[in-house]
Amino acid sequence: GISFPGAKEETFDKITRREGSFKNAISAIKLLLEKGIRPTIKTCITKINLQEFALIRDFAKKLNLPFTYSPLMLSSLDLIQRQIGLMVTPAELLDFEKKCRSPGDEEKIIPKTKRRETIKGEHKPGFWEKKCLFDCPAGHSAMIIDPYGNMRACIPLLKPGYSVIEMSVQKCWDSIKKFVDELRPPPDWSCYTCEYHDWCSWCPGRAYLDTGSIFGCSPHYREFAKLQKE
């Protein structure tokens, strides 16, 4: 995967804060293609590159390369959500979906859970009732090992971590898998009674980075879910 934050050199280098990064990325893509490797072009939508999304997507299509993107920015790993004004608002994202996407695109810019009509009085399952709260490969087919040798379920979750220096890789993986498989929410979890849970893109990692708690409620995602429902 090659991160491509801007279609224009000025935008690209402004976001990476490294002069020449745009040209280096183009060069890397060409080298990979020469070796028969087709990289995925990926981007994270921000206030800076929102207007260049279509150009980034078209760049990938022109090279016949896979393209993926995310409308959601994660907080920094030190749990401090810096207010630097880069994250687009939920309203801007909804407006973006209407104006900037090509008709017939299969990709969904806004993560959504599948919803169904329920009979009055029928129990409506919540996403917490799934076998696993991690709706991703974490603890199933993927994990990360940080620069200090600690294996974790995913990048956002700083805990738990198991040292591959002190333990075997297999033992670390077994511990991660056990944590992911057995994770259950507390009895007083706010999601149980939230009217927006069907539209919410909550996940343990995002919750931890935004609130410091693995079961916390991020105001940004809640507002996003509210707008989706409306």
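Residues numbered from 1 in each chain as written. Predicted model: local features only at pLDDT ≥ 70, side-chain atom pairs only at ≥ 80, totals over all residues. Heavy atoms only, no water.

Colleague: Whenever I open this one, the sheet that holds strand S4 (residues 144-145) confuses me. Can you help?
Modeller: Spatially, S4-S5-S6 is the arrangement adopted by the three strands of the open sheet, whose pairing is antiparallel. Of all strands in the sheet, those with a lone pairing partner are S4 and strand S6 (162-163), marking the two edges. Pairing of S4 with strand S5 (residues 150-152) involves two bridges; the strand directions are antiparallel. Across the sheet, the residue bridging to Ile145 is Met151, located in S5. Against the sheet, helix H5 (residues 169-182) makes contact with S5 and S6, and its axis sits at roughly 35 degrees relative to S5, the strand it touches most. (Pairing = 2+ DSSP bridges. Helix = DSSP H or I, 4+ residues; strand = E, 2+ residues; numbered from the N terminus. Contact = heavy atoms within 4.5 Å. Axes fitted to C-alpha atoms, helices over the stretch in contact; angles between N-to-C directions.)

Colleague: Explain the layout of surface pockets here, please?
Modeller: In this approach a probe as big as a water molecule rolls over the atoms, and the regions it shows empty are the leftover space. Taken as a whole, the second largest pocket encloses approximately 160 Å³ of empty space. For the second largest pocket, the lining is made up of 15 residues, of which Cys191, Cys200, Trp202, Cys217 and Ser218 are closest to its centre. Contributing elements (two or more residues each) for the lining of the second largest pocket: helix H6 (204-211) and helix H7 (219-229). Here the residues of the lining of the second largest pocket sort into nine nonpolar, four polar and two charged. (1 Å grid on protein atoms, 1.4 Å probe; cavity = no way out; pocket = protein on both sides within 12 Å on 5 of 7 lines; lining within 4 Å. Points joined across faces, edges and corners; volume = space filled by probe spheres on them. Nonpolar A, V, L, I, M, F, W, Y, C, P; charged D, E, K, R; others polar.)

Colleague: Explain unusual backbone geometry here, please?
Modeller: As a rule of thumb, non-glycine residues mostly have phi less than zero, and peptide bonds are mostly trans rather than cis. The omega torsion of the bond from Lys159 to Pro160 falls at -5 degrees, within 30 degrees of zero and hence cis. Counting through the fold element by element, Pro160 comes out in the loop between S5 and S6. Its identity as a non-glycine residue notwithstanding, Arg17 has a phi of 60 degrees, on the positive side. Structurally, Arg17 can be placed in the loop between helix H1 (9-16) and helix H2 (21-34). The exposure class of Arg17 is exposed, given its relative accessible area of 77%. Phi is positive for Asn64, close to 60 degrees, though the residue is something other than glycine. A relative accessible area of 56% places Asn64 in the exposed class. (Buried < 20%, exposed > 50% of the residue type's maximum accessible area, 1.4 Å probe, protein only.)

Colleague: Even after reading the chapter, I still don't get helix H3 (residues 53-62), so can you show me in this structure?
Modeller: When we look at burial in H3, the residues that qualify are Phe53, Ile56, Arg57 and Ala60. The buried residues of H3 occupy an angular sector of 95 degrees when projected down its axis, which confines them to one face. Downstream of H3 by one or two residues, Asn64 has phi in the positive range, about 60 degrees. (Arc of directions from axis to C-beta.)

Colleague: Whenever I open this one, the packing of H1 against H2 confuses me. Can you help?
Modeller: In helix packing, the relevant descriptors are the interaxial angle and the interaxial distance, both defined with respect to the helix axes. Running from amino to carboxyl end, H1 crosses H2 at an angle of 105 degrees, the nearest separation of the two axes being 8 Å. In terms of axis orientation, H1 runs roughly perpendicular to H2. Seen from H1, the contacting residues are Glu9, Phe12, Asp13 and Thr16; seen from H2, they are Ser21, Phe22, Lys23 and Ala25. Tallied by class, the residues present in the contact of H1 with H2 amount to three nonpolar, two polar and three charged. (Parallel < 35°, antiparallel > 145°, perpendicular 65-115°, else oblique.)

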